[in-house]
Structure formats: C-alpha cells, structure tokens
Amino acid sequence: MSTYLRYAEEGDLHLDFHGANNTIIDYVLKTYGAEALEEIFRKLGHDVYRSIREDLERGHSAQLLAHWSHFFDREQCDYDIEIGEDEIVLTMRRCTAWHHVAKLVGHPSPHFCDQTISTNRAMVAASPFSLETEITGPGSCRQVLKRREP
C-alpha cells in the first residue's frame, strides 16, 4: 500500500486557482457541453490522481485519506473524517474553495461541485469501493467511501 502523495506541495497557496476552475467549468459546459465536462473530470480522477486511483483499485484507502487531510488542512477547511468499520465519512462543513469563489464571483457555478463528484466516481470506478458525494449546502458536502457489496 502506498502512502506517497503524488501532489503534496507546500508553501503559499493561491486560492484564485479555484476561481479559474470555476470559469473553466462554465466555459467548457457552454462551449462543449456536459459530456465534455464529464470527460475532463473523468480524466482528472483517472489520470491526474492515478496513484490514489491505483491504491483504491488494490483495496487501499490510506492515500485518499492522506490526500484529503493534506489539502483540506492546507486550505483551512472546516471538515472531519470519521473512519468506521464499514465506511469512511468525510464531512465538509465549510469548503474554502467554494467560499473563495463565492467571494470572487458572487456565486460559484452550479456545476462547481461536479468536479468532486465526477472525479471521485472516476477514482473508484474499477475499485472495490463506492464514493458517494452528497451536497449538503452551499460549500458543504458529505462524502462516503465504502466497500461495494460483493
């Protein structure tokens, strides 16, 4: 099992990156459609987060948990992770990315959280896990990782 984080950068964090993502999401959706946007997010989960995906495919969730902790701590999100016997639950009470974009543009794209939902779906597609994301409010969600039924 790998605990290596392919992306674990430190130092200054420029939250406007999320604003750029928001603009790109709306542009791709308007110009190329929902299928193109879904394909971009699928490739993100499959290719960019390859090492996390490969660990999940081997039945290991430690790298995903390390990834969540690293980036959500780095962005000073209000979240917690509960590790239970049958599932792991990430509760995001305040997503810094969503709230930063709201400050930049007034309201994030209605599809802003689709990047999380679709990327998660791609990371677990060939794994023994499911990873469901429920948007629970503006800038908040609940993500549940659990083993699929045999």
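As the structure is a computational prediction, the values presented were derived from the model and not from experiment. (Residues numbered from 1 in each chain as written. Predicted model: local features only at pLDDT ≥ 70, side-chain atom pairs only at ≥ 80, totals over all residues. Heavy atoms only, no water.)

A. Molecular detail of the sheet that holds strand β2 (residues 87-94). A sheet is described by the order of its strands in space; here four strands give the open sequence β1-β2-β4-β3, paired in antiparallel fashion. Both outer strands of the open sheet, β1 (78-83) and β3 (129-137), are each paired with one neighbouring strand and no more. If you compare each strand with its neighbour and ignore which way they point, the axes differ by 10 degrees on average. As defined by bridge partners, β3 adjoins strand β4 (residues 140-147) across eight bridges and the pair is classed as antiparallel. Each bridged residue has a counterpart across the sheet, and for threonine 133 the counterpart in β4 is glutamine 143. Where helix α6 (residues 114-124) meets the sheet, it contacts β3 and β4, and its direction lies at approximately 170 degrees from that of β3. (Pairing = 2+ DSSP bridges. Helix = DSSP H or I, 4+ residues; strand = E, 2+ residues; numbered from the N terminus. Axes fitted to C-alpha atoms, helices over the stretch in contact; angles between N-to-C directions. Contact = heavy atoms within 4.5 Å.)

B. Layout of the pairing of β1. Bridge count for β1 against β2 is six bridges, and the pairing is antiparallel. In the sheet register, aspartate 80 faces β2, and the bridge partner there is threonine 91. Hairpin remark: β1 followed by β2, antiparallel, with three residues in the connecting loop.

C. Structural view of the nonpolar core. Grouped together as the largest cluster of nonpolar side chains are 27 residues, with contacts concentrated most on Leu56, Leu64, Trp68, Phe72, Met92 and Leu145. Once residues lying within four places of it in the same chain are set aside, the contact partners of tryptophan 68 are Asp73, Tyr79, Ile81, Ile88, Leu90, Leu131 and Gln143. (Core = buried A, V, L, I, M, F, W, Y, C linked by side-chain atoms within 4.5 Å. Buried < 20%, exposed > 50% of the residue type's maximum accessible area, 1.4 Å probe, protein only.)

D. Expanded view of the side chain of glutamine 143. Residue placement: glutamine 143 occurs in strand β4. Its relative accessible area of 3% is what places glutamine 143 among the buried residues. With near-sequence residues (within four places) excluded, glutamine 143 lies in contact with Trp68, Ile88, Val89, Leu90, Thr116, Asn120, Leu131, Glu132 and Thr133.

E. Representation of the environment of alanine 102 in the model. Counting through the fold element by element, alanine 102 comes out in helix α5 (residues 96-105). For the pair alanine 102 and proline 138, spaced 36 residues apart in sequence, the C-alpha to C-alpha distance is 9.6 Å.

F. Representation of helix α3 (residues 50-57) within the structure. Where α3 is concerned, the buried positions are Ser51, Ile52, Arg53, Asp55 and Leu56. Packed against the buried residues of α3 are α2 (34-48), α4 (62-74), α6 and β3. Once α3 ends, the next one or two residues include glycine 59, with phi positive near 90 degrees.

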